[in-house]
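Inside the fold
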Amino acid sequence: MGTIDIQMWLTFLVVAGAIVALSFDRVPIELSALGILIALILLFVVGPDLAGTDSPLSLADLLAGFANPALVAVLALIIVGQALFQTGALDRPTRRLARMPKLGRRTIVVLLLAGAIVLSAFLNNTPVVVILIPVVAALARERRIASPKLLMPMNAATILGGSMTLIGSSTNLLVAQVAERSGGLQLGFFSITGPGIVVAGFGLLYVAYVMPHLLGDREAETDGHISGKHFLAEIVIPEGHPLVGRRAVSGLFPGLHHVVVRLVRRAGTTYLPPFESLELQVGDRVVFAGIRRELTELGLILPGLREEAAADGPQRTLSIAECLIPPGSRLIGRSPANAGFDGLEGLSVAAVERRGRMNRTTFSEMRLEGGDVLLMAGREAAFEKVRGSRDLVVLERSIRPLPAGAEAKRAIVIFALMVLAAATGLMSITVAALSAALAMIAAGCLNVRQARRAFDGRIFMLVGASIGMALAMERTGGAAYLANGLVASMHGESPALVLSALFALIALLTNVLSNNAAAVLFTPIAISTAVRLGAPVEPFVVAVIFAANASFATPIGYQTNLLVMGPGGYRFSDYLMAGGPLVVLVWAVFSVLAPWYYGL
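Small disclaimer: the values here were computed from a predicted structure and weren't measured. (Residues numbered from 1 in each chain as written. Predicted model: local features only at pLDDT ≥ 70, side-chain atom pairs only at ≥ 80, totals over all residues. Heavy atoms only, no water.)

Some remarks on the nonpolar core
In terms of nonpolar packing, the biggest core is built from 167 residues, with Met154, Val207, Met211, Phe288, Met418, Met440 and Phe552 touching the most fellow members. With 11 residues, helix 4 (residues 69-87) is the single largest residue contributor to this core. Leu263, Ala289, Met366 and Ala382 belong to the second-largest nonpolar core, a separate cluster that totals 19 residues. (Core = buried A, V, L, I, M, F, W, Y, C linked by side-chain atoms within 4.5 Å. Buried < 20%, exposed > 50% of the residue type's maximum accessible area, 1.4 Å probe, protein only. Helix = DSSP H or I, 4+ residues; strand = E, 2+ residues; numbered from the N terminus.)

Some points on the pattern of salt bridges
Taken as a whole and assessed by the stated rule, the structure comprises 4 salt bridges. The salt bridge involving glutamate 279 is made with arginine 247; its shortest N-O contact spans 2.6 Å. Placement of the pair is glutamate 279 in the loop between strand 3 (269-271) and strand 4 (285-291) and arginine 247 in the loop between strand 1 (230-236) and strand 2 (259-266), with a sequence separation of 32 residues. Assessed through its relative accessible area of 30%, glutamate 279 is described here as partly exposed. Its salt-bridge partner being aspartate 284, residue arginine 266 comes within 2.7 Å of it at the nearest N-O pair. Note that arginine 266 is positioned in strand 2 and aspartate 284 in the loop between strand 3 and strand 4, a separation of 18 residues in sequence. (Salt bridge = Lys/Arg side-chain N within 4 Å of Asp/Glu carboxyl O.)

Description of the pairing of strand 2
Among the 8 residues in strand 2, 6 count as buried, and that is most of the element. Relative to strand 4, strand 2 runs antiparallel, the two sharing 6 bridges. Note on strand 4: the bridge partner recorded for leucine 263 is valine 287. As judged from the 3 bridges shared by strand 2 and strand 3, these two strands associate in the antiparallel manner. Paired with arginine 266 across the two strands is threonine 269, which belongs to strand 3. From the end of strand 2 to the start of strand 3, which pair antiparallel, there are 2 residues, and alanine 267 there has a positive phi angle of about 55°. (Pairing = 2+ DSSP bridges.)

Some remarks on the packing of helix 9 (residues 170-183) against helix 21 (residues 515-533)
Orientation of helix 9 relative to helix 21, taken along the N-to-C sense of each, is 30°, at an axis distance of 9 Å. Classified by the interaxial angle, the pair formed by helix 9 and helix 21 is roughly parallel. In the crossing of helix 9 with helix 21, the sense of the turn from one axis to the other is right-handed. Mapping the contact onto sequence places Ser170, Thr171, Leu174, Val175, Val178, Ala179, Ser182 and Gly183 in helix 9 and Asn515, Asn516, Ala519, Val520, Thr523, Pro524 and Ile527 in helix 21. (Axes fitted to C-alpha atoms, helices over the stretch in contact; angles between N-to-C directions. Parallel < 35°, antiparallel > 145°, perpendicular 65-115°, else oblique. Left-handed = near helix turned anticlockwise from the far one by under 90°. Contact = heavy atoms within 4.5 Å.)

Structural notes on the pairing of strand 1
Counting buried positions over the 7 residues of strand 1 gives 5, a clear majority of the element. Relative to strand 4, strand 1 runs antiparallel, the two being bridged by 7 bridges. Looking at the pairing, valine 236 lines up with arginine 285 of strand 4. For strand 1 and strand 6 (residues 347-353), the ladder comprises 2 bridges, and the chain directions are antiparallel. Bridge pairing links leucine 232 to valine 352 in strand 6.

Comments concerning unusual backbone geometry
Proline 274 follows proline 273 through a cis peptide bond whose omega is 0°. Secondary-structure assignment places proline 274 in the loop between strand 3 and strand 4. A positive phi is found at alanine 267, a non-glycine position, where the angle reads about 55°. A residue is classified by how much of its surface remains accessible, and alanine 267, at 83% relative accessible area, is exposed. Notably, serine 277 is not glycine yet its phi reads approximately 55°, a positive angle. With respect to the element layout, serine 277 can be found in the loop between strand 3 and strand 4.

A word on helix 21
The terminal C-alpha atoms of helix 21 lie 26 Å apart, and with 19 residues this matches the ideal 27 Å at 1.5 Å per residue to within 8%. Maximum bend of helix 21: about 35°, positioned at phenylalanine 522, with proline proline 524 one to four residues after it. Burial runs high along helix 21: 15 of the 19 residues are buried. Where helix 21 terminates, the next one or two residues include glycine 534, which has phi positive at roughly 70°. (Expected span 1.5 Å × (residues − 1). Bend = angle between axes of the 7 residues up to and from the residue.)

See the structure below:
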C-alpha cells in the first residue's frame, strides 16, 4: 500500500470523524472545524515533512478554502440580508399580505408560503425566516390558525426556494465553485431554476396541504394562551416568598407542579439535584425550569418587578411577551442578567428557552445565542419600543406594520441592482455581493458593527475546513474510489438510477451533517461518478445541490430549522415526521424529472 493510499484511508477517517463531531451538538462548530483542519495539516503537511516524503497537498492548498470566492460571496450575501432585515424593508409588504381581508384562510397561507419561496430564491434563507416569523404569528392570530402549523411549513418553503437560483443558498454557490474547479463546469445564475421550479412546486403543495396535518393538534400561542415551551427562570428568594422554608424530599421540592429546581446557589456554594434535605432560604439564588403558566402562577417570574407594578397601579400594566433573538443581534454573547437593552428601558428577562436544552447555570454565567427565546417582562410603553428594534423579534403580541423609511427603500434598490448585475452577467456573483454589502453600509442601511455581527464565524470555519476535506478526497483519489464503488455496486444500472441513489445518500447525510459540508464533500464524488459512467456532469452536480438542500428531517439539518424550533415548540420527532416525507418527495420528483430534463 503506497503513501497516497494510506493518506486516502486516513482522509476517510478524518471525514468520518467530522461527520460524528458535526452531527452531535456537544462541541461548537468552530472548534470542530478547527480540529478537522489541524488533522488535515498533520496528515498532509507535518507527517510528510517528518517522513521526508511528497504530499499531494500543501499548507496553502488546505487553507485556500478560507479565501474561496464562493465563501466570500456567501458572507457578503448574509450582510446584504441583514441590511434588509435591519431596515425593515420587507416588513410592510409581508404584513400587509397577512392582513388582506378578502382572501380565504387557505389562499392566504399558500400565498405566504409562495412568497417565502420567491424571496429565498434571491436572498439568504436566515433573514427571510427571521422576517417572516412575526408575520406568521400575526397571520395565525388573525386567521385563528395554530402558529406551529405554519412555522415549519414556512421554513421548509424558504429552503425549497433556496434551490431555485445560484444565490438562493450558500450551498448552491459552494457546489458551483467546487464543480468549476474540479470538473470545469460553469453554472449560470438560472442554471438550476428549471428543475428548481418543479421541485419547489411539488414541495409547496406538500407544505401547504399536508405538512400542517402531520404536526398534530396544537394551540396557537396568542395572548390568550400560554406557551407550553419550557423556560429557565431565575430569582433571588425575597422575604415572605412562599418558597422560604420549603425543604427537599427525596431529592425534589414538593408542591412545584410541572416545575423543577435546576440549581440553588447560596453564599458561593452551588447545589445541584438531587437535593438532600436542602431548605430554601431568603437570599438563595434559584434557577427553575418549567412551562410559562406554572412559573407565573408560582410567582417565579420576577416577583420584585410584579410587586413594583402592583404598587404603581393595576397589575395589567405589566405585560409578558416572548421574543426571539435573531442572528446578528447585539444581545448575542451577553448574559440575560446584563443584556444591556439599549433604548429598551423598562424590559427585563424573566426566563430563557434554548431549543430544548436545560442548562444548569445562573443567568450571570449564561450567554445568549441566536435562536434563544426570551420571556420578557415590562410595561406597554417598553414593548412599543421593541417593535423598532432589530435585536428582538416579538412573537406573541400584536404586530403593527412599520412604515418603510428612506433606508428601507435604499436597501431594496441596492438588493435589486445586485440581483440584476449577477443575473445578467454584468458582474460575477462574488463581486456583485461584495459591492452590495459595501453599498448597504455606505447608504446607512446598517453600520460596520452590525455588519460585523452578521458575519457568521461558524459558516466561515466550517466551509473553509470542508473545502480542505473535499480537496483531500480529490487529490488522494478518495472521491474516485467512492465513485467507482458506487458504480460497481450498481453495475449495469442506468446513469439515471445511479443519480437517484447518489441523491438519496446525500439527502440522508445532509440531515445529520451540515448541508454545506455535505455539498462540498460530495461534489467531487458526483463529478467522478459522472465521468466513470460516461454521463454529463451537470445533472450530477445539480443533484448534489438539491440533495444537500433537502435538510428538512432534523432540527440540525439547517440553521433556520433551529430558529423556528423554539417559537413553534417543536420536538425532534416533529421534524422527522413532517420533514422526512418532504425529503422523500424531493428525491422522488428529482429522480423522475432529471433524466428527462437532462436527457440521461
